[in-house]
Amino acid sequence: MTKKLFPLSKVYGLIEPGPVVLVTTTRKGRANIMTMSWHMMIDFEPPILGCVISNRNYTFDIVKATRECVINIPTVELAEKVVGCGNTSGRKTDKFRTFGLTQASASCISAPIIDECYANLECKVVDGKMVAKYNLFILEVLKAWVDPANKDPRTIHHRGRDAFMVAGEAIKLPSKMK
């Protein structure tokens, strides 16, 4: 097979980390939503996640100050709202109202969950040592919620710029993982 050189600026699209998510925060009585696709699992139990939030984003200062957020996992039905949230700053816009999303109370943190999302992960920051250098927050999932009616969630995945893909057919293969 003949291969061609691939631009380093596009590598992200080859190894995207997982579904596009909506990060919700609240500070001083004001809730916000940020679209994020730079995240990763770090550990199983307790579930530990890493997420990169640019220090230019409104959400960065909120997470840094409150040390909590909710990772909301939308499905393809919310794709246009997800992209809309990503293209809008929360500094002056109420994204819940603008995009018609419903805030619901989380059980153990102040940040709200997005009711329309398939899953919601209530998180607290457990390690901020890499925030200054990499904008990388390490989060522990305190509570996780899923919609039991959605047996096959079709999540969306960012491939770079305006390119997305939808999770497809689920397959099962033998695994020795527990």
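Just above sits the structure.
First, a word on scope: everything that follows refers to the structure included in this document. (Residues numbered from 1 in each chain as written. Predicted model: local features only at pLDDT ≥ 70, side-chain atom pairs only at ≥ 80, totals over all residues. Heavy atoms only, no water.)

## Brief notes about the overall build of the protein
How we decide: Only DSSP runs of H or I covering at least 4 residues are called helices, and only runs of E covering at least 2 are called strands; the numbering of each starts at the N terminus. Note that the radius of gyration is over C-alpha atoms, with the globule rule given as 2.2 Å times the number of residues to the power 0.38. The cut-offs for exposure are 20% and 50% of the maximum accessible area for each residue type, with area from a 1.4 Å probe on protein chains only; residues under the lower value are buried, those over the upper are exposed, and the others partly exposed. Residue contacts are defined here by distance: any two heavy atoms, one from each residue, within 4.5 Å place the two residues in contact. A residue counts as positive if it is Lys or Arg and as negative if it is Asp or Glu; His and the chain ends are not included. Where a charge lies is defined by one atom per residue type, namely NZ (Lys), CZ (Arg), CG (Asp) and CD (Glu).
A count of helices and strands for the protein gives four helices and eleven strands. Taken over C-alpha atoms, the radius of gyration comes to 17 Å for the protein, in line with the 16 Å a tight globule of 178 residues would show. Expressed as lengths along the three principal axes of its C-alpha atoms, the size of the protein is roughly 55 × 35 × 35 Å. Across the 178 residues that make up the protein, the buried fraction comes to 41%. Within the protein, counting contacts between residues at least 6 apart in sequence, those at least 24 apart form 61% of the total. Taken as two groups, the 25 positive and 17 negative side-chain charges of the protein have centres that lie 8 Å from each other.

## Thoughts on the pairing of strand E11 (residues 163-166)
The two faces of the sheet receive side chains in turn, since in a regular strand these alternate between them. Selection criterion: Strand pairing follows a simple DSSP-based rule, namely that at least 2 bridges must link the two strands.
Pairing geometry for strand E10 (residues 156-160) and E11, over four bridges, is antiparallel. Residue pairing in the sheet places His158 in a bridge with Phe164 of E11. Here E10 folds back onto E11, and the loop between the two strands holds two residues, one of which, Arg161, carries a positive phi near 50 degrees.

## Thoughts on the packing of aromatic side chains
The way to describe two aromatic rings as a pair is by their centre distance and the angle between their planes. So the rule is basically this: Geometry of aromatic contacts follows a simple scheme: Phe, Tyr and Trp rings, the Trp one being its six-membered ring, pair when their centres are within 6.5 Å, and the pair is stacked under 30 degrees between planes, edge-to-face over 60, tilted otherwise.
Throughout the structure, instances matching the rule amount to one aromatic pair. Aromatic side chains Phe60 and Phe137 sit 5.5 Å apart centroid to centroid with 65 degrees between the ring planes, which places their arrangement in the edge-to-face category. Here the residue Phe60 occupies a position in helix H1 (residues 58-66), and Phe137 occupies one in strand E9 (residues 136-146), the gap between them amounting to 77 residues. Accessibility expressed as a relative area gives 7% for Phe60, which makes it buried.

## Section: a nonpolar patch on the surface
Filter applied, for reference: What goes into a patch is any residue over 30% in relative accessible area without a salt bridge, connected to like charges within 9 Å or, for nonpolar side chains (Val, Leu, Ile, Met, Phe, Trp, Tyr), within 5 Å. Every accessible area reported is derived by Shrake-Rupley at a probe size of 1.4 Å, with residue values counting cover from the shown protein chains alone. We define a salt bridge as a side-chain nitrogen of Lys or Arg found within 4 Å of a carboxyl oxygen belonging to Asp or Glu.
A grouping of Phe6, Leu8, Val11, Leu14 and Ile15 is seen on the molecular surface, where their side chains present a nonpolar patch of about 540 Å² in accessible area. Among the secondary structure elements, Leu14 is positioned in the segment before strand E1 (21-27).

## Describing the pairing of strand E8 (residues 119-127)
Across six bridges, strand E5 (residues 68-73) lies against E8 in antiparallel orientation. Opposite Ile71, over in E8, you have Leu121 as the bridge partner. Relative to E9, E8 is paired through eight bridges, and the arrangement is antiparallel. Bridging from a neighbouring strand, Glu122 pairs with Lys143 of E9.

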